[in-house]
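Read off the chains here:
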There are 2 protein chains.
Amino acid sequence: MTTHYNIKMRKMTAPLIDKYRKLASFDWRTFKNTIEGEEHVILKQKIVDKMKAEPVFQRDFRVLSLEESREISHKRWKKICEWNLFKDPYSDVDQFHALVEVLEGYDQGNAARLFLHANVFGAAVKSQGTERHAEIIKKIDNNEVVGAFCLTEISHGSNTAEVQTTVTYDNGELIFNSPNIGAIKCWAGNLSHSATHVVVFAQLHVAGKNEGFHGFVVQVRDPITFQTLPGITIGDMGSKPGAWQGVENGWLKFDNHRAPLIALLNKGCDITKDGKYVTSFKSASEKQSVSLGTLSVGRLGIIGKGVTASMMASTIALRYSVARRQFGPIKGVENEIPVFEYPLQQFRLFPYLTASICMRIFQKKFFEHFTGYMMRVIQGEKSDELAKFSREIHALSSGAKPVATWLGNESLAEARKACGGHGFLHLSRLNTLRDDNDPSMTFEGENFMILQQTSNILLAKSKSSAKILTPMRTMEFFNHQPIKFQGWTNDTISDVLQAYRFLLHHLIQKTNSDAEILKKSGKNAFEVRNETQVHRALNLSIIYSENTIIEWTKEFLENEVEDRNVKEVLRKVLTLYSLFVLERHLATLYISEYTTGGQFGDQLREKLRSSIFSLKNEAIALVDSIAPDDFILHSVLGASDGRVYERIFAEFQKNTKQPEWICDLAQFLHKNSQSSKL
Amino acid sequence: MTTHYNIKMRKMTAPLIDKYRKLASFDWRTFKNTIEGEEHVILKQKIVDKMKAEPVFQRDFRVLSLEESREISHKRWKKICEWNLFKDPYSDVDQFHALVEVLEGYDQGNAARLFLHANVFGAAVKSQGTERHAEIIKKIDNNEVVGAFCLTEISHGSNTAEVQTTVTYDNGELIFNSPNIGAIKCWAGNLSHSATHVVVFAQLHVAGKNEGFHGFVVQVRDPITFQTLPGITIGDMGSKPGAWQGVENGWLKFDNHRAPLIALLNKGCDITKDGKYVTSFKSASEKQSVSLGTLSVGRLGIIGKGVTASMMASTIALRYSVARRQFGPIKGVENEIPVFEYPLQQFRLFPYLTASICMRIFQKKFFEHFTGYMMRVIQGEKSDELAKFSREIHALSSGAKPVATWLGNESLAEARKACGGHGFLHLSRLNTLRDDNDPSMTFEGENFMILQQTSNILLAKSKSSAKILTPMRTMEFFNHQPIKFQGWTNDTISDVLQAYRFLLHHLIQKTNSDAEILKKSGKNAFEVRNETQVHRALNLSIIYSENTIIEWTKEFLENEVEDRNVKEVLRKVLTLYSLFVLERHLATLYISEYTTGGQFGDQLREKLRSSIFSLKNEAIALVDSIAPDDFILHSVLGASDGRVYERIFAEFQKNTKQPEWICDLAQFLHKNSQSSKL
């Protein structure tokens, strides 16, 4: 292509990235294997290599139309099914998770198509159905059907218990209805075109009585003609940003659709042959509490999305910062220094780099705990300790999912800005990634709403006078008196944790005492909860989650890292992360009277700045240890060889076609020039 | 369309928005006219009405391809030219600004096409050219040519003085060259397809000597065939987010392109007939200082973009918050309350509503000052006072542009999240608006970089022992001793301003003293400046800008508002805004030892919360007073009638076509079911 332009180019300066790599004190591969686990790294690379070899996974930088996005997403999903990498998400859990992780880096839309059928739809049938549903479960695992998950309605997202879709038992059959516009199901991925079946949640009416919120599995289309069945109307929700353009989020309206009784997902409930509703749960809240922990699986997955987003953002922005030179101590283009050298650029980017590493460690630990918990649930254990485990998982996932998804989006936004103008090009992939990760902040519980779940559990615990012991030990702070600032030690991480413990106690006390005042003034429980969120319960949930991330990363650092160099650099990473998050709560620390006087805050900020500076020589090697394969990253600015400008210009040269309307423009200019002569 | 689905719908509840409107204590039209100016409101509405009547301005919610975006942008630009609303941007300044403001709300891409030719390209020729360029200026104003502005190069954005494009004088002609890939011009809007002419900046070489950075106006294409001229290659930069997809940001490479000497924009310099370079400027820095203030025009415009973005975000999110009901004190869908009622939702959205109002007032005031300044420049005044004016405009525009553009993007991001899932639909327009406003943070000076300009000027001023008097009086704080916290008065706005003044003094002192330490340790000026940005000079620039916004809004409130109700509500608005921005600096306030002890911060946050609460009954009417016409807003969630769900579903019904690849899916499912039977 280059010759076409007959451009004689002076040789560009060789990329500096290898020079920066050599500054590191550790081996990036050892670091990578330590953080991710060597087997997991190999598993992921095998999948990447399979993708690289398949034509259907090749891509360029053209923005696809909605129609094109969906067609290619279907083709890629089919190819993945043909690879037959797993039987179901739970029997081949490592393989499945490696696959989803790779796909999420590659294209969230492709990941969603797979995950929504195999895990969200499939898991709902498997966990809420019974042996009565063996046939459909076999078809799900065998990809003989395509499933969608219909919970949200046009006017009901957060308050799912109040969905308005109705299912009425009628003489051995179930009649499905959407009573008004607001009750139409929506946001169901895979639904618009592909789904043959859906899991749908609705109010179950039996013998004139509303028995409440229940799940059903319903066939919606003929699997040969793909015509919708009688009483069912399905359509698409239209365009969405980024890779979600490729996800068929559909809407579904029921008009007296009749389905056999087998549609009821009948774990713990049923309708007898003589038309009576029976249940083994004593109450709706008992039913809910059993599922509380298991429902966290989605949130755990989304924590991973936030981490992946932040890793990709750091990779693109930091590699480009090494390539891009602007200004220098002396005038002249030859004296310009990489923007990576600027303290402000480091300040903007290094914290997110370290956050992504600490949160990956946290996420893996959390997943281990969760897997242990799920094993016990599946084995049928019913103990107080397991119920406690369930609540703790719920509290932590409801806090960490917002923290992780905000992190992901913040990282991408800051990376985009720190890359200047070229960050805004589609070639950078930064804007697309931000769009791709944006809905994570909303789905599986809107972030602000689920943060209330965390604080509710912590505030309830705070009323107990007994020693607090929880399976994951995230609430140990309750058993230790908060200690005011005693001066900085050599162990900054422990200093930060001491401040975090103080904040936790302060916010619990403050939220509780403000709630008491409101109660005394006659407010009801709903009002009291709503009026103690801002600056209090909300911050409590965030701080609890960050505290756990720091504690778990510290445990990992101390107990699970063998390589001495990796240990040292990981300590730097965690030190920076913990100072970064604590600094965000500096005002609250002062309000809590952890200490008084300007010195503490001044020192905290100085420590943060010097901690950032101490990572300068390590940053590019750290990026290598978290960066996905160039094929997955798909960014002109972030490729591992650092040859940014050559890549940009190679892409630019693909766009030289003049559009047809140029004739119209030429005529318009001509007309204007003629009329000016008159 | 509805009948096609045969859907019987229960009547939706009537929208609540009118109920909320009635709660306000003031008349929204009076408020609008007070803030915007009645004539300006009328001028804008006339343009909106013209657009509504033209087929070419009609649009739906389909995402256009790159090609479609550009074609429609051309057609709309042509229509606007045919309306003949202004002769040039400066002779019809009110008309031009009303037009640009309307277009920016409608589509940033359409606005850019107009603005880049008429103002950015045109103003460069007019301000840097001489009578020698009368012919081309006539053609610009008459739309006989299309112009683009070529400053940025592939490897040079911020450090424009070091652009590498060369222009060599040769025997009465100029030879243009791009010596390497990094020197190729890029990011020039209108260039890819439409431009017939460009203004280009390059290093001018005369008789073997580099005379430095100069501007040139060059023809690049034949206006009939649109073929590029010899030695010129032009292409497109490819896809970009949002409305910028429709802007032809192009790249341009010169290979020994020859142009006549008239191409040189020769104000203050020239090449004589015998090939000698002459200039009336004593130095490059003198040349630069003359243009410092005038260069602010772009930044002033961008402040407006940030304000408009924040206004649209507030409109969409707050109107939808009234329509969307979730949860309530008692179970049952009929007891659900609008999410607008939640203190957390108010906390997330009201501050941006108030910020957009205060910043609009600030922006108008700034523009008045700027116009006065420009008149004096054009009249040829050369005084110390005018030079001082120039520097102050430069300082303030370099600080306020980042503050305003961050505000715009934050508002849109928070609005998107506060609208839950539907905020992510293209129908909401929130994501598109965020993409549209994103580059404002980069162009006309990357935000972090230009903030240095502000602090550089303030720090230089701080070294002076004389009383500091500046034309816009933004630096009055220098003449008043900072006073520590004395307790809260009834005048919260003044309390906040007192704290701001303290912060300004603290940050100047801190930045200066840290710079001294670094200097003594042997660092050069470049290093010292870079190493005192984080937590110091950077914050100084932001705080100086916010302080001016609060002061000017306060002056407006006290001196220019006649209607008593408007005055009262505007006081509430400014109180909230000033508490909101001050709270963000709470940690720095503590570090500065403005006061000690937790009480101050606790009270500040309590004041912020009660200030938010006090705006609850006014918020929807305030939205009406800043909302653009529904036709411009183009958001299903933000329309003025509040009928959100009907509009959503009406749009949903447009998407029911099944794609062709469904046959392939059916075959795949069938094959899987056959093989499972084997």
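Residues numbered from 1 in each chain as written. Chains lettered and ligands numbered in written order. Predicted model: local features only at pLDDT ≥ 70, side-chain atom pairs only at ≥ 80, totals over all residues. Heavy atoms only, no water.

- An unreviewed UniProt entry lists chain A under the name Acyl-coenzyme A oxidase, from Caenorhabditis angaria.
- Here chain A is described in UniProt, under the heading Sequence similarities (unreviewed entry), as follows: "Belongs to the acyl-CoA oxidase family."
- A UniProt comment under Pathway (unreviewed entry) is attached to chain A, and it reads "Lipid metabolism." (UniProt positions renumbered as here; feature names shortened; annotations may be inferred.)

## A look at the overall build of chain A
So, point 1. On a plain count of helices and strands, chain A comes out with 24 helices and 11 strands.
So, point 2. At 28 Å, chain A has a C-alpha radius of gyration in line with the 26 Å of a compact globule built from 678 residues.
So, point 3. Across its three principal directions, the C-alpha atoms of chain A cover 90 × 75 × 60 Å.
So, point 4. Within chain A, buried positions represent 61% of all 678 residues.
So, point 5. A fraction of 74% describes how many contacts in chain A between residues 6 or more apart in sequence connect residues 24 or more apart.
So, point 6. Averaging the positions of the 83 positive and the 77 negative side-chain charges in chain A gives two centres separated by 3 Å. (Helix = DSSP H or I, 4+ residues; strand = E, 2+ residues; numbered from the N terminus. Rg over C-alpha atoms; globule rule 2.2 N^0.38 Å. Buried < 20%, exposed > 50% of the residue type's maximum accessible area, 1.4 Å probe, protein only. Contact = heavy atoms within 4.5 Å. Lys, Arg positive; Asp, Glu negative; His and termini not counted. Charge placed at Lys NZ, Arg CZ, Asp CG, Glu CD.)

## Some thoughts on the interface of chain B and chain A
So, point 1. Contacts between the two partners involve 149 residues from chain B and, on the opposite side, 148 residues from chain A.
So, point 2. Regarding the contact of chain B and chain A, the summed buried area is about 12,400 Å², with carbon and sulfur atoms giving 64% of it.
So, point 3. Of all residues in chain B, the largest losses of buried area upon contact with chain A belong to Phe424(B), His535(B) and Trp661(B), amounting jointly to 6% of the total for that side.
So, point 4. With a closest N to O distance of 2.4 Å, Arg416(A) and Asp438(B) form a salt bridge.
So, point 5. At the junction of chain B with chain A, the criterion picks out 42 residue pairs in polar contact (both at pLDDT 80 or more).
So, point 6. Here the element with the most residues in the side of chain B that touches chain A is helix 24 (residues 662-677) of chain B; it accounts for 11 residues. (Buried area = accessible area lost by both parts, 1.4 Å probe. Salt bridge = Lys/Arg side-chain N within 4 Å of Asp/Glu carboxyl O. Polar contact = N/O pair within 3.5 Å; in protein donor to acceptor, adjacent residues only side chain to side chain.)

## Focus: the side chain of Ser69(A)
All names here are of chain A.
So, point 1. Its place among the elements puts Ser 69 in helix 5 (residues 66-83).
So, point 2. Judged by its relative accessible area of 12%, Ser 69 falls in the buried class.
So, point 3. A distance of 2.8 Å separates the side chain of Ser 69 from the backbone oxygen of Ser 65, its partner in a polar contact.
So, point 4. Once residues lying within four places of it in the same chain are set aside, the contact partners of Ser 69 are Leu 64, Gln 245 and Gly 246.

## Some details on the domain arrangement of chain A
All names here are of chain A.
So, point 1. Here chain A is described as being made up of domain 1 (146-287) and domain 2 (292-466 + 493-656).
So, point 2. Taking only C-alpha atoms, the centre of domain 1 and the centre of domain 2 are 36 Å apart.
So, point 3. Listed per partner, the contact involves 5 residues of domain 1 and 7 residues of domain 2.
So, point 4. A buried area of about 470 Å², summed over both sides, lies between domain 1 and domain 2, and 66% of it is on carbon and sulfur atoms.
So, point 5. Here domain 1 is connected to domain 2 by 0 salt bridges.
So, point 6. On the surface where domain 1 and domain 2 come into contact, there are 2 residue pairs in polar contact (both at pLDDT 80 or more). (Domains from an automatic or database assignment.)

## Things to note about unusual backbone geometry
So, point 1. Positive phi outside glycine occurs at Trp187(A), with the angle close to 60 degrees.
So, point 2. One non-glycine residue with positive phi stands out, namely Ala207(A), at about 50 degrees.

## Digging into the UniProt feature "active site" (unreviewed entry) in chain A
Residues and elements named next belong to chain A.
So, point 1. Per the UniProt record, the feature "active site" (unreviewed entry) sits at Glu 444.
So, point 2. In this structure, Glu 444 sits in the loop between helix 13 (430-437) and helix 14 (447-462).
So, point 3. Among the residues examined, Glu 444 registers a relative accessible area of 36% and is labelled partly exposed.
So, point 4. If we skip the residues at most four places from it in the chain, Glu 444 touches Leu 295, Gly 298, Arg 299, Ile 302, Lys 401 and Ile 450.

## A look at the UniProt feature "domain: Acyl-CoA oxidase C-alpha1" (unreviewed entry) in chain A
So, point 1. Feature annotation in UniProt assigns "domain: Acyl-CoA oxidase C-alpha1" (unreviewed entry) to the following positions: residues 293-459 of chain A.
So, point 2. Measuring from the first to the last C-alpha atom of residues 293-459 of chain A gives 19 Å, for a span that is 71% helix and 0% strand.

## Focus: the state of the cysteines
So, point 1. Tallied over the full model, the rule gives 0 disulfides over all chains.
So, point 2. In this structure Cys663(A) is not part of a disulfide, and its nearest cysteine sulfur, from Cys81(B), lies 18 Å away.
So, point 3. What makes Cys663(A) exposed here is its relative accessible area of 52%.
So, point 4. Cysteine Cys269(B) remains unbridged, with the sulfur of Cys150(B) as its closest cysteine sulfur at 19 Å.
So, point 5. On the accessibility criterion, Cys269(B) (6% relative accessible area) is buried. (Disulfide = S-S within 2.5 Å.)

## Side note on the environment of Lys139(A)
So, point 1. Mapped onto the elements, Lys139(A) comes out in helix 8 (residues 134-141).
So, point 2. As for Lys139(A) and Arg59(A), which are separated by 80 residues in sequence, their C-alpha atoms are 32 Å apart.

## Concerning helix 18 (residues 564-583) of chain B
Counting along an α-helix, one turn takes 3.6 residues, and residues three or four places apart therefore face a common direction.
So, point 1. Helix length check: helix 18 of chain B (20 residues) gives 29 Å between terminal C-alpha atoms against 28 Å at 1.5 Å per residue, within 8%.
So, point 2. Within helix 18 of chain B, 14 of the 20 residues are buried, which leaves it mostly tucked inside the rest of the structure. (Expected span 1.5 Å × (residues − 1).)

## A look at the pattern of salt bridges
Side chains bearing opposite charge may pair, as long as their charged atoms lie close to each other.
So, point 1. In this structure the tally under the stated criterion is 96 salt bridges over all chains.
So, point 2. Through salt bridges with shared partners, a single network forms among Asp18(A), Arg21(A), Arg319(A), Asp624(A) and Asp630(A).

## A word on the side chain of Arg319(B)
So, point 1. Along the chain, Arg319(B) falls in helix 10 (residues 297-323).
So, point 2. By relative accessible area, Arg319(B) is classed as buried at 3%.

## Observations regarding the sheet that holds strand 8 (residues 250-254) of chain B
Residue and element names in this part refer to chain B.
So, point 1. Pairing is antiparallel in the open sheet, where 3 strands are placed in the order 4-8-7. Only two strands of the sheet have a single neighbouring strand rather than two, namely strand 4 (185-188) and strand 7 (232-236). Recorded for the sheet is a direction-independent mean angle of 20 degrees between the axes of neighbouring strands. (Pairing = 2+ DSSP bridges. Axes fitted to C-alpha atoms, helices over the stretch in contact; angles between N-to-C directions.)

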